[in-house]
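# Fold and contact review
Residue strings, one per chain:
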Amino acid sequence: MTAAHRAGALSHTRRWDTTVVQAVSRPGVLDLGPGYLEPELLPVDLVRDAYATALAEFGAAALSYGADQGNEVLRVGLAAREAAASGYPCGPEHVLVTAGTSQALHLVGTAMAAPGDTVLVDRLSYDFGRRVLTDHGLRLREVRLDEGGMDPRALHDALTAERVAGRHVGFVLLNPTFHNPTGTLVGIDRRRELLAVAALHGVLVVEDDAYAELGLDGTDLPPSLVSLAEYDGVIRLGTFAKTIGPGLRLGWLVAHPAVVSGLARRGTFVSGGCVNHTTSLAIATLVRDGHYDQRLDWLRSCLRERRDALVNALRAGADDLAEFTTPGGGFFLWLRFPPGRTEDELLAAAASVGVNAAAGSRFGTAGGSAIRLAYSFTPPGGLAEAAARLAAAWRPAAGPGQRRHP
Ligand SMILES: Cc1ncc(COP(=O)(O)O)c(C=O)c1O
């Protein structure tokens, strides 16, 4: 028996260092920066059992090259979830297994657009997703967004301007459900309006729905764009990164079967089959056997507790300092500061009290100072403490005339 066996299961904190994981928080810092789950929320035992189940059930087939489009167990399970969520039919032929949303963005960025093409994005949007696209030579054009999501009129104007300038548009990238970084949920009317504008211009929509399973208030969510469009001109991207763990590098896309089979014929899939076969079989057993739904229920309650701890503490201590809307799901709370506050000053004040947060400018043109706080990476007590520290650090020093009497 090896030392590793004698030691029992590895605790996840034991190897939480940059020789193994991508990033580590500075010691002692309350970290509201990362847009991913904290170690305690990552289901080590569940995933270990899922691999054991998949290997027992599929044997050597689990270690072979997988079916190009992804194994059918997972595609059937995901399609059933899509159909149940949207009320619109979805079958395994609509689903392609991907290595997570980043790989899927690379795939659509290379298959559906050519270097030099324009991609229209929300004025604020997931920064590393932008990177995937610009690395491929795509040109981003930011479109105005308001508290309801991307402004359809601004989208129409931007698409018109691109056409007049003779530039080809690859697609419009939207993140309509609990948007990163603003937390916005785009309502059904706005979804329809955006789809109508894209259809009018004959432009593909890519729907990045990374947080779609993480509604925290038990209310029904609007149907996905891909279902509203009946698979015509929309590709929807999903991922297990936010619901199980990003290290799985596992996701899927949903599109018209002709688009799915076209993508599955590309070299990446033909050479090597499914982009993450063994893991996709393990996770397929969780989806099929109901463990994924149980996990989601538990995770949503954990995230709800975290969101509420942060929101309540900010309302109590910082309500007059910054504006924010309580997010209905996802990982993020977006704080907007009045003119005169600079992002550098706000982040430096946060750092001086041992709190890390994400600069709003990372995500595009915020139009003023804004900060993103993630409630996914810190336990409830730490979030309440962080909010109290931030409120104190961000409160402008009272001038002589403003000093309050004790
Ligand atoms: C909107 C959005 N899309 C995609 C991703 C990345 O997904 P994946 O880990 O599956 O590549 C993130 C992660 O932060 C995200 O916020």
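As the structure is a prediction and not an experimental result, all values here were calculated from the model.

Another aspect to go through is the site of the ligand. With respect to spatial proximity, 13 residues lie near the ligand, and among them Ser 102, Asp 208, Tyr 211, Thr 239 and Lys 242 are the closest. In this structure, Asn 180 approaches the ligand through a side-chain N or O atom, which is 2.8 Å from an oxygen atom. Lys 242 is positioned such that a nitrogen or oxygen atom in its side chain is 2.8 Å from an oxygen atom of the ligand. Alone, the ligand offers 400 Å² of accessible surface; in the complex the protein occludes 94% of this. A molecule is said to occupy a pocket when more than half its atoms come within 2 Å of that pocket's grid points, and by this definition the ligand occupies the largest pocket. Residue classes in the shell around the ligand are distributed as 4 nonpolar, 6 polar and 3 charged.

Glycine aside, negative phi is the norm for most residues, and most peptide bonds take the trans geometry. Each neighbour pair has its own omega, and for Asn 180 with Pro 181 the value is 15°, a cis peptide bond. When you line up the elements, Pro 181 lands in the loop between strand E7 (169–174) and helix H7 (188–201). If you check the backbone angles, Phe 178 has positive phi at about 55° while not being a glycine. With respect to the helices and strands, the residue Phe 178 is situated in the loop between E7 and H7. Since its relative accessible area comes to 2%, Phe 178 is described here as buried.

Counting residues in hydrophobic clusters, the biggest one holds 87 residues, and the most contacted among them are Leu 155, Phe 240, Leu 310, Leu 314, Leu 335, Leu 373 and Trp 394. In terms of residue count, helix H12 (residues 291–318) provides more of this core than any other element does, 10 residues in total. If you count residues domain by domain, this core takes at least three from each of domain 1 (3–31 + 293–395) and domain 2 (49–289). Apart from the residues lying within four places of it in its own chain, the contact partners of Phe 240 are Leu 74, Leu 78, Gly 245, Leu 248, Leu 250, Gly 251, Trp 252, Ile 283, Val 287 and Tyr 292. Residues Leu 96, Ala 104, Leu 138 and Leu 173 belong to the second largest nonpolar core, which totals 23 residues.

Moving on, we come to the pairing of strand E11 (residues 332–336). The buried count for E11 comes to 4 of 5 residues, which makes it a mostly enclosed element. Pairing analysis gives 5 bridges linking E11 to strand E14 (residues 370–374), with the strands arranged antiparallel. Its bridge partner lying in E14, Leu 333 is registered against Leu 373.

Mapped onto the elements of the fold, Thr 279 is located in helix H11 (residues 277–288). Along the backbone, Thr 279 and Gly 354 are 75 residues apart, and their C-alpha atoms lie at a distance of 37 Å. Apart from the residues within four sequence positions on either side, Thr 279 is in contact with Tyr 51, Leu 248 and Leu 250.

Our focus in this paragraph is the confidence of the model for the protein chain. Of the residues in the protein chain, 94% reach a pLDDT of 70 or more, and the chain-wide mean stands at 94. Across residues 1–10, where pLDDT falls below 50, the model places 3 contacts with residues more than four positions away in sequence or in other chains. Segment residues 400–406: pLDDT under 50, and 2 contacts once partners within four positions in sequence are set aside and those in other chains are kept.

With that settled, consider the packing of helix H13 (residues 343–352) against helix H14 (residues 380–394). Between two packed helices, the angle of one axis relative to the other and the distance separating the axes together describe the packing. At a minimum axis separation of 9 Å, H13 and H14 run at an interaxial angle of 125°. The angle between H13 and H14 places the two elements in the oblique class. Crossing geometry of H13 relative to H14 is assigned as right-handed. Each of Leu 346, Ala 349 and Ala 350 in H13 lies in contact with H14, whose residues at this interface are Leu 390, Ala 393 and Trp 394. Across the contact of H13 with H14, the residue classes break down as 6 nonpolar, no polar and no charged.

We now examine the layout of surface pockets. The volume enclosed by the largest pocket comes to roughly 1500 Å³. In this structure, the largest pocket is lined by 50 residues; those nearest its centre are Gln 22, Tyr 36, Pro 246, Gly 247 and Arg 249. Looking at side-chain class alone, the lining of the largest pocket contains 25 nonpolar, 16 polar and 9 charged residues. Summarising the domain contributions, the lining of the largest pocket has at least three residues from each of domain 1 (3–31 + 293–395) and domain 2 (49–289). Computed from the structure, the second largest pocket encloses a volume of approximately 630 Å³.

Thresholds, definitions, all that
- Residues numbered from 1 in each chain as written.
- Predicted model: local features only at pLDDT ≥ 70, side-chain atom pairs only at ≥ 80, totals over all residues.
- Heavy atoms only, no water.
- Near = heavy atom within 4 Å.
- Polar contact = N/O pair within 3.5 Å; in protein donor to acceptor, adjacent residues only side chain to side chain.
- Areas by Shrake-Rupley, 256 points an atom, 1.4 Å probe, with all protein chains shown as cover.
- 1 Å grid on protein atoms, 1.4 Å probe; cavity = no way out; pocket = protein on both sides within 12 Å on 5 of 7 lines; lining within 4 Å.
- Sits in = over half its atoms within 2 Å of the grid points.
- Nonpolar A, V, L, I, M, F, W, Y, C, P; charged D, E, K, R; others polar.
- Helix = DSSP H or I, 4+ residues; strand = E, 2+ residues; numbered from the N terminus.
- Buried < 20%, exposed > 50% of the residue type's maximum accessible area, 1.4 Å probe, protein only.
- Core = buried A, V, L, I, M, F, W, Y, C linked by side-chain atoms within 4.5 Å.
- Domains from an automatic or database assignment.
- Contact = heavy atoms within 4.5 Å.
- Pairing = 2+ DSSP bridges.
- pLDDT = per-residue confidence, 0-100.
- Axes fitted to C-alpha atoms, helices over the stretch in contact; angles between N-to-C directions.
- Parallel < 35°, antiparallel > 145°, perpendicular 65-115°, else oblique.
- Left-handed = near helix turned anticlockwise from the far one by under 90°.
- Points joined across faces, edges and corners; volume = space filled by probe spheres on them.

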